[in-house]
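Residue-level structural notes
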Number of protein chains: 2
Amino acid sequence: MSEPRWLTADEQRTWRAYLAATKVVSERLDRQLQRDAGMPTAYYEILVALSEADGGELRMSELAAFTRSSRSRLSHAIARLEQNGWVTRRSCPTDKRGAFATLTEAGLATLVSAAPGHVGEVRAALLDALTANQVRHLGEIMATVGEHASAGCPAASCDDD
Amino acid sequence: MSEPRWLTADEQRTWRAYLAATKVVSERLDRQLQRDAGMPTAYYEILVALSEADGGELRMSELAAFTRSSRSRLSHAIARLEQNGWVTRRSCPTDKRGAFATLTEAGLATLVSAAPGHVGEVRAALLDALTANQVRHLGEIMATVGEHASAGCPAASCDDD
DNA sequence: TACGCATAGTTGAGCTTTCAATATCAGCGG
DNA sequence: CCGCTGATATTGAAAGCTCAACTATGCGTA
């Protein structure tokens, strides 16, 4: 804590712009999905992950890994999604501790009908503001940050609990 | 909804990297602040905004604008911060509807002691991963996104209620 | 003055997330 | 086979956020 090495002017500007922009973008996406599809972004991402999985189902652990979510959060979320009829649970035959989450027809239908509006909002909130070069740059930067932050992080790899 | 104009490969990569990176970064910051300072990031930002204001106080509306928060969220947050002894409320003499939020000594002390750890985590999670050029680029891109998204947004400018 | 409407801020209910248990089961060494 | 350790998943309570009222006040206008 001695000499905390403060932020330079460039860093300060970047950090504040980052904070502001990410907040606005995520709020827009949340609002759009909640309004048009009746679910928060986190649940949409769960449905996407399931829809891209073999047979539309995944083990809870894998699903948690894909969505970078804690097991606890996922459990609650799946409970809610099950209640909505978008997902069902299936216990794993080979490992009695395990459970699969399976996308239902209704869940897939909801996802399909929600996707265009969501993609539209992603464009409107983020991509449309940028040139093709900026999109590529942002992708590289974010990929770097993602790898770096996950690697050097004490709490992101080793989940909760 | 006809022809939703899907994402290109570049856009898809960028979007997914963006989602992953922003999620990891915000989780790291949240955890660090919660662990070391006993408050979520949103509350820390409120304290920062107050500490930078004249006399350490701001009208609720202005504070909401600075922190890009809804009035409702801010009300709840200030109630909590007041309960912690970090902020006090003062009713506005010239407009009896209005209220000021004022940073207390204890609040400032908490902020000062939390700041180095927070800055360290900002570096560790985001800045250290990037070259100086990338930091500058990211700043420009995020500034663009912030302006664009706030401008063309139906729900970000006109707050809640 | 009285009416109407907009503004500032608060409140309560419902929902999601987090954190700390808890229960169940797999794998392994004795 | 028994017991131990670690992994899988769930649960309940507490906290924060969102949404929709609601209160109280300012302000323009007839």
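First things first, this report covers the structure right here in the doc. (Residues numbered from 1 in each chain as written. Chains lettered and ligands numbered in written order. Predicted model: local features only at pLDDT ≥ 70, side-chain atom pairs only at ≥ 80, totals over all residues. Heavy atoms only, no water.)

1. Some thoughts on the interface of chain B and chain A
Taken together, the 62 residues of chain B in the interface contact 62 residues of chain A. Across the interface of chain B and chain A, roughly 5800 Å² is buried in total on both sides, 67% from carbon and sulfur atoms. When the buried area of chain B at its contact with chain A is split by residue, W15, R123 and I141 of chain B rank highest and sum to 10% of it. At the boundary of chain B and chain A, one finds eight salt bridges. Measuring nitrogen to oxygen at the nearest pair gives 2.9 Å for the salt bridge that ties E52 of chain A to R16 of chain B. At the boundary of chain B with chain A, the tally comes to 16 residue pairs in polar contact (both at pLDDT 80 or more). Those elements giving two or more residues to the side of chain B that touches chain A turn out to be α1 (9–37), α2 (41–51), α5 (105–125) and α6 (132–151) of chain B. (Contact = heavy atoms within 4.5 Å. Buried area = accessible area lost by both parts, 1.4 Å probe. Salt bridge = Lys/Arg side-chain N within 4 Å of Asp/Glu carboxyl O. Polar contact = N/O pair within 3.5 Å; in protein donor to acceptor, adjacent residues only side chain to side chain. Helix = DSSP H or I, 4+ residues; strand = E, 2+ residues; numbered from the N terminus.)

2. As for the relation of the copies chain B and chain A
Between the two copies, chain B and chain A, the superposition gives an RMSD of 0.1 Å; the rotation angle is 180° and the shift along the axis is 0.0 Å. Expressed as an axis order, the relation between the two copies is that of a two-fold axis. Interface overlap between copies: 98% of the residues of chain B at the interface are likewise at the interface in chain A, consistent with a symmetric, same-surface contact. (Least-squares fit on C-alpha atoms with pLDDT ≥ 70 in both.)

3. A closer look at the sheet that holds strand β3 (residues 99–103) of chain A
All names here are of chain A. An order of β1-β3-β2 is seen for the three strands of this open sheet, with the pairing classed as antiparallel. For this open sheet the edge positions go to β1 (57–59) and β2 (87–91), each flanked by a neighbour on one side alone. On average, adjacent strands in this sheet sit at an angle of 25° to one another, irrespective of strand direction. Of the strands in this sheet, β1, β2 and β3 are in contact with helix α2 (residues 41–51), which crosses β3 at around 95°. (Pairing = 2+ DSSP bridges. Axes fitted to C-alpha atoms, helices over the stretch in contact; angles between N-to-C directions.)

4. With respect to the side chain of S69 of chain A
Residues and elements named next belong to chain A. Within the fold, S69 resides in the loop between α3 (60–66) and α4 (71–83). Given the relative accessible area of 7%, S69 is considered buried. A distance of 3.3 Å separates the side chain of S69 from the side chain of R73, its partner in a polar contact. (Buried < 20%, exposed > 50% of the residue type's maximum accessible area, 1.4 Å probe, protein only.)

5. Observations regarding the packing of aromatic side chains
Residues and elements named next belong to chain B. Considering all chains together, one arrives at two aromatic pairs over all chains under this definition. Arranged with centres 5.5 Å apart and planes meeting at 15°, the rings of W15 and Y18 form a pair that is stacked. In this pair, W15 and Y18 both sit in helix α1, three residues apart, roughly one turn of the helix. Classification of W15 by relative accessible area gives buried; the value is 6%. The ring of F100 carries R59 above its face, with NZ or CZ at 5.9 Å from the centroid. (Phe/Tyr/Trp six-rings, centres within 6.5 Å; stacked < 30°, edge-to-face > 60°. Lys NZ or Arg CZ within 6 Å of the ring centre and 35° of its normal.)

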